[in-house]
Amino acid sequence: MSPIPTIDERALELFKLLVDEYLLIGTPIGSRHIADRARMRVSSATVRNIMADLEGKGLVSSPHTSAGRVPTNRGLRFFVDHLISLGPLDRSSDAILRSTLQSDLSPSELVVSASQLLAEGSSLVGLVTTPRPDQIELRQIHFLTLSGSRVLAVLVVNEREVQNRVIETERQYTETELQQAANFINQEFCGHSLFEIRKKILESMRDDQFRMNDLMQTALDVASKTFEEDIDVDHDYVVTGETNLVGLLSSSEEAQVLLDALKSKSSIVHLLDKCIASEGVQLHIGGEPGFAPLDDYSLITAKYEIDGVIAGVVGVVGPARMQYKAVIPLVDATARHLGSALKQHDS
């Protein structure tokens, strides 16, 4: 939470009015406009003096093209931290989230639905990371021979979800060898997370390489290739609502820069993963996330959990001018309902 500048009650009320009007209108707010709408009797000249003082404190700025003022990123942070009261999501919206995020959907379908709900509910961009590999458990694996030394690995994870991975093995294996390898892996690793399996396979290959029989060598060869991507916590994310940016940003070029940034998988996942370390809903305004393409935007995130274990992050990204009072409860509720649905799915 940002430090509280020394501001008297009258200045606080006028500043809150300026921000409310700016978030609603989106243009610089003039002193007369504020004076006309203030609950207290105040002149335009007094408003100008107060705004000049707030500008000196870094809370508002004056665009070159207008005599009006807009809140700075610091001002928006101060506004959210100290001047708005956040309640729970309204009952009807919460009911929609709960009814849409049902446990009969697969984990990937739940993630897509959550992203769509965030985008629709905020009219901005919804972001949701897929469950981390340490939350994805193997239920069964099958191997099918393809051409040459290529093999199709079919993984059944978290009860009903199916993943297909094409791998290149050290040599060409027969169907019998692959069936035996699948039987061995299912017996040894069923119920373990993909992250744990990858770790154990690497340990086995390092420790038992001189004591492995042919079956174990085959199993560990195909398994190591199958779970290769799971050694790092390298999960994906779903972005929905990019078209909502049209009309919200000042130019098509600005929109394209943000769209390109949202496609940068490594950067976005890293950025969202940083939010996992914090409790509750996190708000990043302007350059706070530490990711240059989001310097002019706001990112609101919350982590979702499965059985008390952090599984991923949900979030909304958009212009710094957004309806924080509505979006923050939406992000919070979406994280809660997504985690609940994923927990029921696995139970």
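Definitions and limits used
- Residues numbered from 1 in each chain as written.
- Predicted model: local features only at pLDDT ≥ 70, side-chain atom pairs only at ≥ 80, totals over all residues.
- Heavy atoms only, no water.
- Helix = DSSP H or I, 4+ residues; strand = E, 2+ residues; numbered from the N terminus.
- Buried < 20%, exposed > 50% of the residue type's maximum accessible area, 1.4 Å probe, protein only.
- Contact = heavy atoms within 4.5 Å.
- Areas by Shrake-Rupley, 256 points an atom, 1.4 Å probe, with all protein chains shown as cover.
- Pairing = 2+ DSSP bridges.
- Axes fitted to C-alpha atoms, helices over the stretch in contact; angles between N-to-C directions.
- Parallel < 35°, antiparallel > 145°, perpendicular 65-115°, else oblique.
- Nonpolar A, V, L, I, M, F, W, Y, C, P; charged D, E, K, R; others polar.
- 1 Å grid on protein atoms, 1.4 Å probe; cavity = no way out; pocket = protein on both sides within 12 Å on 5 of 7 lines; lining within 4 Å.
- Points joined across faces, edges and corners; volume = space filled by probe spheres on them.
- Left-handed = near helix turned anticlockwise from the far one by under 90°.
- Phe/Tyr/Trp six-rings, centres within 6.5 Å; stacked < 30°, edge-to-face > 60°.

**Student:** Help me understand the overall build of the protein chain in this model?
**Tutor:** For the protein chain, the count of helices and strands is 12 helices and 10 strands. Per-residue burial for the protein chain yields a buried fraction of 48% across its 347 residues. Here the analysis covers contacts within the protein chain between residues at least 6 apart in sequence; of these, 64% occur between residues at least 24 apart. For the protein chain, the exposed surface amounts to about 17,100 Å²; the carbon and sulfur share of it is 48%.

**Student:** It is not clear to me how the sheet that holds strand β3 (residues 125-129) should be interpreted in this structure. Could you clarify?
**Tutor:** The pairing of strands in a sheet happens through backbone hydrogen bonds and is either parallel or antiparallel. Pairing in this open sheet of 5 strands is antiparallel, and the strands run β7-β3-β10-β9-β8 from one edge to the other. In the strand order of this sheet, the two ends are held by β7 (237-240) and β8 (282-285), each with one partner. Across the sheet, the mean angle separating the axes of adjacent strands is 15° when strand polarity is ignored. The pairing of β3 with β7 spans 4 bridges and is antiparallel. Opposite glycine 126, over in β7, you have threonine 240 as the bridge partner. Sitting on the sheet, helix α6 (residues 107-122) touches β3, β7, β9 (297-306) and β10 (309-319), and the angle it makes with β3 is about 155°.

**Student:** Any chance you could explain the packing of helix α1 (residues 9-25) against helix α3 (residues 44-56) here in plain terms?
**Tutor:** In a packed pair of helices, the relevant descriptors are the angle between the two axes and the axis-to-axis distance. Put simply, α1 and α3 touch, their axes get as near as 10 Å, and they point 85° apart. By the angle class used here, α1 and α3 are roughly perpendicular. Two secondary-structure elements touch here, α1 through Arg10, Ala11, Leu14, Phe15 and Leu18 and α3 through Thr46, Val47, Ile50, Met51 and Leu54. Residues belonging to the contact of α1 with α3 are distributed by class as follows: 8 nonpolar, 1 polar and 1 charged.

**Student:** I keep staring at the side chain of serine 113 and nothing clicks. Help me out?
**Tutor:** Mapped onto the secondary structure, serine 113 falls in helix α6. Dropping the residues within four chain positions of it, serine 113 is found in contact with Thr100, Leu101 and Leu105.

**Student:** Honestly, the layout of surface pockets in this entry has me stumped. Any pointers?
**Tutor:** Picture a little ball the size of a water molecule; that probe, rolled over the atoms, points out where space is still empty. There is about 430 Å³ of room inside the largest pocket. Along its surface, the largest pocket is lined by 20 residues, and Tyr22, Asp296, Pro319, Ala320 and Arg321 are the ones closest to its centre. At the level of secondary structure, the elements contributing two or more residues to the lining of the largest pocket comprise β2 (70-71) and α4 (73-83). Looking at side-chain class alone, the lining of the largest pocket contains 10 nonpolar, 6 polar and 4 charged residues.

**Student:** Where do I start with empty space enclosed by the protein in this structure?
**Tutor:** In this structure the tally under the stated criterion is 1 cavity of 30 Å³ or more. For the largest cavity, the full set of lining residues is Leu18, Ile29, Gly30, Ser31, Ile34, Met51, Ala67, Gly68 and Arg69. Split by residue class, the lining of the largest cavity holds 5 nonpolar, 3 polar and 1 charged.

**Student:** Would you mind showing me how to read the environment of glutamate 242 here?
**Tutor:** Within the secondary structure, glutamate 242 sits in the loop between β7 and α10 (252-262). In this structure glutamate 242 comes out as partly exposed when scored by relative accessible area, which is 34%. For the pair glutamate 242 and valine 125, spaced 117 residues apart in sequence, the C-alpha separation works out to 5.7 Å. Not counting chain neighbours up to four residues away, the residues in contact with glutamate 242 comprise Val125 and Leu259.

**Student:** Please clarify how the environment of leucine 97 should be interpreted in this entry.
**Tutor:** Here leucine 97 shows up in helix α5 (residues 91-100). Exposure remark for leucine 97: the relative accessible area of 3% places this residue in the buried category. Note: C-alpha distance between leucine 97 and leucine 338 (241 residues apart in sequence) is 8.6 Å.

**Student:** Please clarify how the packing of α1 against α4 should be interpreted in this entry.
**Tutor:** Between α1 and α4, the least distance of the axes is 11 Å, while the angle of their chain directions is 110°. Accordingly, the angle class assigned to the pair α1 and α4 is roughly perpendicular. Crossing angle aside, the handedness with which α1 passes α4 is left-handed. Touching Leu12, Phe15, Lys16, Val19, Asp20 and Leu23 of α1 are Gly75, Leu76, Phe78, Phe79 and Leu83, all from α4.

**Student:** Got a minute to help me understand unusual backbone geometry in this structure?
**Tutor:** Glycine aside, residues mostly have negative phi, and peptide bonds are mostly found in the trans state. Unusually for a residue other than glycine, serine 123 sits at a positive phi of about 60°. Among the secondary structure elements, serine 123 is positioned in the loop between α6 and β3.

**Student:** Quick question: what am I supposed to make of the sheet that holds strand β4 (residues 138-145) here?
**Tutor:** Pairing within the open sheet is antiparallel, and its 3 strands lie in the order β4-β5-β6. Every other strand in the sheet has two partners, leaving β4 and β6 (161-168) as the edge strands with one partner each. This sheet shows a mean twist of 20° between the axes of neighbouring strands, independent of strand direction. Packed onto the sheet, helix α7 (residues 175-189) meets β4 and β5 (150-157) and runs at close to 170° relative to β4.

**Student:** Looking at this structure, I do not really get the packing of aromatic side chains. What am I missing?
**Tutor:** Two measures describe an aromatic ring pair: the distance that separates the ring centres and the angle between the ring planes. Scanning all chains against the criterion turns up 1 aromatic pair. With a centroid separation of 5.9 Å and an interplanar angle of 55°, the aromatic rings of phenylalanine 15 and phenylalanine 78 are classed as tilted. Placement of the pair is phenylalanine 15 in helix α1 and phenylalanine 78 in helix α4, with a sequence separation of 63 residues. Under the relative-accessibility criterion, phenylalanine 15 is labelled buried at 0%.

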